Amino acid sequence: MKCSKDETKEDFVELWRGLAQHYKDVPTNRLSFDILSEPEFRHPKTSRSKRDEWLRTASAAIEAIREISPDRTIIIEGIGLSAFDRRLSKNPSQFKHKGIDTLIKKLPYDNLVYGFSTYEPAWLTKQEFKEVGKAYNKSVAKTIDQGASTLIRWAKRNNVPVMLVETGMVGYSDGKSDGPSS
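This brings us to the nonpolar core. If you look at the biggest cluster of nonpolar residues, it comprises 28 residues, and the most contacted ones within it are I35, I76 and Y114. The set of elements that each furnish at least two residues to this core consists of α1 (5-22), α2 (48-68), β2 (74-77), β3 (112-117) and α4 (138-158). Ranked by residue count, the leading element in this core is α2, at 7 residues. Residue contacts for I76: discarding those within four places in its chain leaves I35, W54, L55, A58, I62, I104, L107, L112, V113, Y114 and G115.

Applying the stated criterion across every chain yields a total of 5 salt bridges. For R17, the salt bridge goes to E14, with nearest N and O atoms at 3.1 Å. With a gap of 3 residues between them, R17 and E14 both fall in helix α1, about one helical turn apart. Given a relative accessible area of 43%, E14 falls into the partly exposed group. Between D52 and R51 there is a salt bridge; the shortest N-O distance is 2.9 Å. Salt bridges linked by common partners bring E14, R17 and E67 together as one network.

Our focus in this paragraph is the side chain of E53. Structurally, E53 can be placed in helix α2. Residue classification places E53 among the buried positions, given a relative accessible area of 14%. Apart from the residues lying within four places of it in its own chain, the contact partners of E53 are K5 and K9.

Okay, the sheet that holds β3 next. Ordered in space as β1-β2-β3-β4, the 4 strands form an open sheet in which the pairing is parallel. At either margin of the open sheet sits one strand with a lone partner, and together these are β1 (33-34) and β4 (162-166). As paired strands, β3 and β4 are joined by 4 bridges and run parallel to one another. By the bridge assignment for β4, Y114 is matched with V162. In the packing of α2 onto the sheet, the strands contacted are β1, β2 and β3, and the crossing angle to β2 comes to about 175 degrees.

Right, let's get into the environment of F12. Within the secondary structure, F12 is located in helix α1. Distance in space between the C-alpha atoms of F12 and A58 is 9.0 Å, their sequence separation being 46 residues. Ignoring anything within four residues of it in the chain, the contact list for F12 reads I35, L36, W54, T57 and A61.

Rules and cut-offs
Residues numbered from 1 in each chain as written. Predicted model: local features only at pLDDT ≥ 70, side-chain atom pairs only at ≥ 80, totals over all residues. Heavy atoms only, no water. Core = buried A, V, L, I, M, F, W, Y, C linked by side-chain atoms within 4.5 Å. Buried < 20%, exposed > 50% of the residue type's maximum accessible area, 1.4 Å probe, protein only. Helix = DSSP H or I, 4+ residues; strand = E, 2+ residues; numbered from the N terminus. Contact = heavy atoms within 4.5 Å. Salt bridge = Lys/Arg side-chain N within 4 Å of Asp/Glu carboxyl O. Pairing = 2+ DSSP bridges. Axes fitted to C-alpha atoms, helices over the stretch in contact; angles between N-to-C directions.

Written as structure tokens, this is what we have:
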């Protein structure tokens, strides 16, 4: 039997209500919740309606958690894998999304941390790319700095804490077959 979209959302909220109930006695300084790591919502592509649909569902989960654990820190990530600085493969100088607000908006709750992922430059940070022997250089450092600056500006503009919840670095596994030379 296939579940409806609404049933799936209700189950998601009830899952978080149950987890909050189960862990309610764990001190808030010892446990926080990331309600969904890298929400997809990108196929066929991200949109304002998909973002808003996710934020409505996330808000319902946050409210369910807060009924039980009002002070629990909750990490929320944006749609599109929360990858705010994804670049176009055909034109790496341009971003895939018009801005972080395309993926997530500030929500009206206290004690939220906004989580993001970054895999730029992709040839250096994503496992499926097999760029062998390229060095970490000033261009790479600039790309990483641009992403960090974008995220910091968004956090300051919205007066919210942010967290880099996932990134990567392709490294040598056998000393010669994959990853950068430095």
